[in-house]
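Listed here are the chains, written in short residue letters.
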2 protein chains.
Amino acid sequence: MTTVSPLVAAFRQASYPVGGHGRKNIQVLKEALHEFDDKLESDIYGTGESIEGFQAEMAAYVGKEKAVFFPSGTMAQQIALRIWCDEKGKRKVAYHPLSHLEIHEEDGLKELHQIESLLLGERDRLIRLEEILALNDEIACLLIELPQREIGGVLPPYEELEAISAHCRANGIKLHLDGARLYEVLPYYQKSAAELCALFDSVYISFYKGIGGVAGAILAGDEGFTAKSKVWKRRHGGDLISLYPYYLSASYYFKQREPKMGQYYKEAVELASLYNSCEHVATLPLVPVTNMFHVHISVPKEKLEPILVALYAETGVGLIHYLRESSEGVCSFEVSIGDAFAQIPKELLKRTFERMANMLQ
Amino acid sequence: MTTVSPLVAAFRQASYPVGGHGRKNIQVLKEALHEFDDKLESDIYGTGESIEGFQAEMAAYVGKEKAVFFPSGTMAQQIALRIWCDEKGKRKVAYHPLSHLEIHEEDGLKELHQIESLLLGERDRLIRLEEILALNDEIACLLIELPQREIGGVLPPYEELEAISAHCRANGIKLHLDGARLYEVLPYYQKSAAELCALFDSVYISFYKGIGGVAGAILAGDEGFTAKSKVWKRRHGGDLISLYPYYLSASYYFKQREPKMGQYYKEAVELASLYNSCEHVATLPLVPVTNMFHVHISVPKEKLEPILVALYAETGVGLIHYLRESSEGVCSFEVSIGDAFAQIPKELLKRTFERMANMLQ
C-alpha cells in the first residue's frame, strides 16, 4: 500500500471536494460506456463510423475542415509543430517559457523532432503583443496557450488575439492554439469555439481537463494538415488499434459539460472572492477569467498543512489535496472548477472560509 | 453508412466465425471492467497501485527486472531500439525485411529516431543463422520477431535462438524480442516465457493479438533500460494521464487466455489440416507451430469470393472476411485461432471443408 500525506488523507475523507468533477476512478469510464450499445464496433486504427463521427463533430465545433483524435496532447502538439516546420522548411517555433512543451514533455520536441524553441516573454506573465509583433518568419510557427495555465489561467484581450493572428498571417508564421482548456475560455470571450479558432491555423483541444473524460485530444486544421498528422500519429505509436475508451468517454462528457463552462467560470469567480477575503491569501488572477485560478497563501507549509487538515475535518469541505512551496514561506496550488462545486451547500462553504480566515490569523 | 463487401456481409451473418475471440465491440471492454470495483482509482501518468501491480506481474512473467506498460507496440519497440542505439553510440539496427517496424510504422524509426535498418535475409523466409553469425558490432541491436508473422507465423528451432543469443552477447550486440505473439510460441517450444526471454536483453509483448485485449503493450528489461523507456514514453506522447482501459482489459484477458495458448495451437494444426485436404489450397506453414498460419488458395478472387459467400450461407461457418491477391490467380489470408474455434461443432466444420473441397474442384 502506498502511504499518503495527512493532507491527502483528510482531503479524501472530506464529503465536499471543491474542485474537479469527482474522483478519478474507473466508474468515470463505466458510466460513459453504459450509454453506448454493447455491440458498437471498435474503431480500427483510426477508422470506423464511431471515431469518424466524433472527429466530424469536433471539426464542426472548432470550425476546421478536419479533426483527428489523438491519445494525448503531447503527441498532437509536437506533430502540429513538426508539420508546420516541415511546410516552412524551418526547425524553429516560439511559445511561452512555461508552455507544456517546454516543461512537461522531457524535451520531446527537441529530441524527436529536432525543433528549436524560442521562448517569448517571461515566466511570470503573458507574452506581450509587442514581443509577438517583433517576430518574423525566422520561426515556422507560434504557439499560443489559452488560458496560460502555469500562471493561473490568464488570458489576453480578444483584440490582442486578433492582432496576433493578423501579424502571423502577414508574416508567413503559422499560428497554433494550445486549447487544452479551450471550452473554459469561451464564456469570458463570449465567442464560439469556431470564432476563436478561426484566428488559428491549427488547434488542439483536450478531453480530460475541463471536460473530465478519461484521456485523449483532438487536433484540427485543414485537410492537408490533418492527413499529415495521421502519418505522424502512426510514427509516434499513437495510431492504436482501438481508441474508443477515450473518444467515447470524451464524447459523453463533452455533451454533458461543455454547456456548463459558463457556470464553472462564474463559480470560479465566486470561490476566488472567498479565498481573497482571507488574510494572507491571494488568487492569481484576482478575478478569474476561466474555471481555474491559482491560490497563493503566505503561510509556511508546515504551518498551513495542519490548519487545512483540521479545517477539512471540521467542515467536511476539502479545499485542495496538495501544497506547492512556490517561494520561501508561501504555498500555492491550482483550483479548477467542475461539477463538484455545485454540490457544496453555500452556507457551509461560506462558513468554511470564515473558519479558515480565523485559523490563518 | 459504410457499405461492406459481399464477403464481409456473409461473414458477419455466419453463426460460427472460425478465427479470433469474437467481435471487436465495446462489450470486450465492458466485460473486463465489470470485474473491477467502480471505485478503483485511475493510474496517473504511469503511477498508481493498479498499473504498477500489473507491470510487476508482467515483469515476473517474462523474467525481467522491470516492465512498463505502453499504449502501443509501435511506440515500445522504437523506444527499445533507440535506447540500445544510444547506449552503443550507433544508429543502426538489424531485423527481417517484413518486420512491423519496416512495413507498418511509416518509417517512424527513421523519421523520429534517425535509426538506420539493416534488413537481414529475404522477404519470403526466416533470417538464417549464418546471416546472423556474420553480424558484428556495426549494429547496436538485432530484433527477432517470434513468430515471423508476415510469412505465416514460422519459428526457428530453439537451439538456433540460443546460438543467436550467444553470438549477440559475444559481439556486443543487444538482442530485442518482438514478442507481440510471445504467448503463442511457448507451447511449441515447450518453454516458459521467462526461459525464452532470458535469451533477450529486452522484450515487447502485446495484449490485443492472441490475448484479445483492447490495446496496449509491455516493454521489459533491466531497471536502467525501463527507466529510460519511461522518459521516451513521455516524449512520444504515450505517458497518458490514464491508461487503465488498456491494462485492466489486458490483465483480465491475459488471465483468461494465456493458459489456453496450447489449445489454440492444437486447434490451428487441426484447422490447417482441413484446409490442406482441399485441392488448390495450402497453408503456410503446412503444419502450424503457433495459433496462426496463412492460407493460399490458387483460385482467382472473382471466382473464390462467391464460392465462400455461398459456403458461409449454406453452412453458417465463416472462414475469413477478406481475401488478399498475393499473386496472379492466388488468394491468401491469415488465420489466428482464439476462443471462437471451440464453439464450432466438429461435424459441421468437417462438412464445411468437404463442401468447400467440392466447390473448389
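For every chain, the first residue of its written sequence is number 1, and the numbers climb from 1 along that sequence. Numbering of ligands from 1 and lettering of chains from A proceed in the order in which they are written. For a predicted model such as this one, the threshold for reporting local features is a pLDDT of at least 70, and the threshold for listing and counting side-chain atom pairs is 80 or more; totals across whole chains, interfaces and linings nevertheless cover every residue. Side-chain numbers here rest on the full set of heavy atoms in the structure, without hydrogens or water.

### Points about the pattern of salt bridges
Next, step 1: Salt bridges are counted wherever a side-chain nitrogen of Lys or Arg sits within 4 Å of a carboxyl oxygen of Asp or Glu. For the structure shown, the criterion picks out 35 salt bridges over all chains.
Next, step 2: A salt bridge links A:E314 to A:R355, with the shortest nitrogen-to-oxygen separation between them at 2.7 Å. Separated by 41 residues along the polypeptide, A:E314 in helix α14 (residues 301-315) and A:R355 in helix α15 (residues 346-360) bring together distant segments of the chain.
Next, step 3: Exposed residues in this analysis have more than 50% of their type's maximum accessible area, buried residues have under 20%, and partly exposed residues fall in between, with area computed by a 1.4 Å probe over protein chains only. Assessed through its relative accessible area of 46%, A:E314 is described here as partly exposed.
Next, step 4: Overall, the relative accessible area of 30% leaves A:R355 in the partly exposed class.
Next, step 5: The closest approach of N and O atoms between B:D239 and B:R234, which form a salt bridge, is 2.9 Å.
Next, step 6: Because the salt bridges share partners, they merge into one network encompassing A:R82, A:D86 and A:R91. Secondary structure elements are taken from DSSP: a helix is a run of H or I of four residues or more, a strand is a run of E of two residues or more, and numbering for both begins at the N terminus.

### Quick word on the pairing of strand β6 (residues 174-179) of chain B
All names here are of chain B.
Next, step 1: Within β6, six of the six residues are buried, which leaves the element mostly enclosed by the surrounding structure.
Next, step 2: Taking every second residue as pointing to the same face, both faces of β6 are buried, with K174, H176 and D178 on one and L175, L177 and G179 on the other.
Next, step 3: By the convention used here, strands pair only if DSSP detects at least 2 bridges between them. In the sheet, strand β5 (residues 141-145) pairs with β6 via five bridges, with the strands oriented parallel. By the bridge assignment, E145 is partnered in β6 with D178.
Next, step 4: Where the polypeptide runs from β5 across helix α8 (residues 158-170) and back to β6, its parallel neighbour, the crossover connection is right-handed.
Next, step 5: As paired elements, β6 and strand β7 (residues 202-206) share four bridges and run parallel to each other. Note on β7: the bridge partner recorded for L177 is V203. Call a crossover right-handed when, viewed with both strands pointing away from you, the route from the first strand across the helix to the second goes clockwise.

### Some points on the interface of chain B and chain A
Next, step 1: Contact between two residues is taken to exist if any of their heavy atoms lie within 4.5 Å; hydrogens are not considered. At the junction of the two partners, chain B supplies 54 residues and chain A supplies 54 residues.
Next, step 2: As a working definition, buried area equals the accessible area (1.4 Å probe) given up by two parts on being put together, with both sides summed. When chain B packs against chain A, close to 4500 Å² is buried across both sides, 57% of that on carbon and sulfur atoms.
Next, step 3: The largest contributions to the chain B side of the interface with chain A come from B:I26, B:L112 and B:R235, which together make up 15% of the buried area.
Next, step 4: For the pair chain B and chain A, the number of links is four salt bridges.
Next, step 5: With a shortest N-O distance of 2.8 Å, B:E41 and A:R23 are connected by a salt bridge.
Next, step 6: Mapped by element, the contributors of at least two residues to the side of chain B that touches chain A are α2 (27-34), α4 (73-88), α6 (108-113), α11 (223-236) and α12 (244-257) of chain B.
Next, step 7: By residue number, the principal contributor to the side of chain B that touches chain A is α2(B), which donates six residues.

### So, the relation of the copies chain B and chain A
Next, step 1: Taken as rigid bodies, chain B and chain A are interconverted by a rotation of 180° and an axial shift of 0.0 Å, the fit giving an RMSD of 0.0 Å. Such a turn and shift between the copies fits a two-fold axis. Taking the C-alpha atom as reference, chain B places B:L112 closest to the rotation axis, 2.5 Å from it.
Next, step 2: By residue overlap, the copies meet face to face through one surface: 100% of the interface positions of chain B are interface positions in chain A. Least squares is the method used to superpose the copies, on C-alpha atoms of residues holding a pLDDT of at least 70 in both.

### A closer look at the domain arrangement of chain A
Residue and element names in this part refer to chain A.
Next, step 1: On domain assignment, one finds that chain A holds domain 1 (6-20 + 260-360) and domain 2 (43-241).
Next, step 2: Its C-alpha centre places domain 1 at a distance of 30 Å from the equivalent point of domain 2.
Next, step 3: Across the contact, 13 residues belong to domain 1 and 16 residues belong to domain 2.
Next, step 4: If you sort the residues of domain 1 by the area they bury against domain 2, M261, V289 and M292 come out on top, with a joint share of 44%.
Next, step 5: Inspection of the domain 1/domain 2 interface yields one salt bridge.
Next, step 6: A salt bridge links E334 to R149, with the nearest nitrogen and oxygen atoms 2.9 Å apart.
Next, step 7: In protein, a polar contact means a hydrogen-donor-capable atom and an acceptor-capable atom, both N or O and within 3.5 Å, with residues adjacent in sequence counting only if both atoms are side-chain atoms; elsewhere, any N or O pair within 3.5 Å suffices. Counting across the domain 1 and domain 2 interface gives two residue pairs in polar contact (both at pLDDT 80 or more). Domain ranges listed in this record stem from an automatic or a database domain assignment.

### Details of the packing of helix α1 (residues 6-13) of chain B against helix α14 (residues 301-315) of chain B
All names here are of chain B.
Next, step 1: Following both chains from N to C, one finds α1 and α14 inclined at 20°, their axes separated by 9 Å at the closest point. With respect to each other, α1 and α14 are oriented roughly parallel. In the crossing of α1 with α14, the sense of the turn from one axis to the other is left-handed. Here α1 contributes P6, L7, A10 and F11 to the contact with α14, which in turn contributes E305, L308, V309 and Y312.
Next, step 2: Residue composition of the contact of α1 with α14, by class: seven nonpolar, no polar and one charged. Throughout, an axis means a line fitted to C-alpha atoms (over the contacting stretch in the case of helices), and angles, computed between N-to-C directions, take values from 0 to 180 degrees. If an angle is under 35 degrees, it is roughly parallel; if it is over 145, roughly antiparallel; if it lies from 65 to 115, roughly perpendicular; otherwise it is oblique. Helix crossings fall into two classes, left-handed where the near helix is turned counterclockwise from the far one by less than a right angle and right-handed where it is turned clockwise. Three classes are used, and their members are as follows: Ala, Val, Leu, Ile, Met, Phe, Trp, Tyr, Cys and Pro are nonpolar, Asp, Glu, Lys and Arg are charged, and the others, Gly among them, are polar.

### A short note on the packing of α14(A) against α15(A)
All names here are of chain A.
Next, step 1: Across the interface, α14 lies against α15 with an axial gap of 10 Å and an inter-helix angle of 150°. Judged by the inter-axis angle, α14 sits roughly antiparallel to α15. When the axes of α14 and α15 are compared, the crossing they make is right-handed. Contact with α14, carried on its side by L304, I307, L308, A310, L311, E314 and T315, involves L348, T352, R355, M356, M359 and L360 of α15 and no other residues of that element.
Next, step 2: Of the residues contributing to the contact of α14 with α15, the split by class is nine nonpolar, two polar and two charged.

### A look at the packing of aromatic side chains
Next, step 1: Side-chain rings of Phe, Tyr and Trp, where Trp is taken by its six-membered ring, are said to pair if the distance between their centres is within 6.5 Å; with planes under 30 degrees apart they count as stacked, over 60 as edge-to-face, and otherwise as tilted. Scanning the model with the defined rule gives 34 aromatic pairs over all chains in all.
Next, step 2: A centroid spacing of 4.7 Å and a plane angle of 80° characterise the contact between A:Y252 and A:Y253, whose relative ring orientation is edge-to-face. Neither residue differs from the other here; A:Y252 and A:Y253 are each classed as buried.
Next, step 3: These aromatic residues form a ring-pair network of at least three members: A:F54, A:F69, A:F207 and A:Y247.
Next, step 4: Here B:K233 stacks its cationic end above the ring of B:F70, 5.5 Å away from the centre of that ring.
Next, step 5: Two conditions define a charge sitting above a ring: the NZ of Lys or the CZ of Arg must be within 6 Å of the ring centre, and it must be within 35 degrees of the ring normal. The positively charged end of B:R234 is found above the aromatic ring belonging to B:Y45, 5.3 Å away from the centroid.

### Topic: the sheet that holds strand β12 (residues 324-327) of chain A
All names here are of chain A.
Next, step 1: Taken in spatial order, the four strands line up as β9-β10-β13-β12 in an open sheet, and their pairing is antiparallel. Lying at the two open borders of the sheet, with one neighbouring strand each, are β9 (281-284) and β12. On average, adjacent strands in this sheet sit at an angle of 35° to one another, irrespective of strand direction.
Next, step 2: Relative to strand β13 (residues 330-336), strand β10 (residues 292-297) runs antiparallel, the two sharing six bridges. The partner of V295 across the bridge, within β13, is F333.

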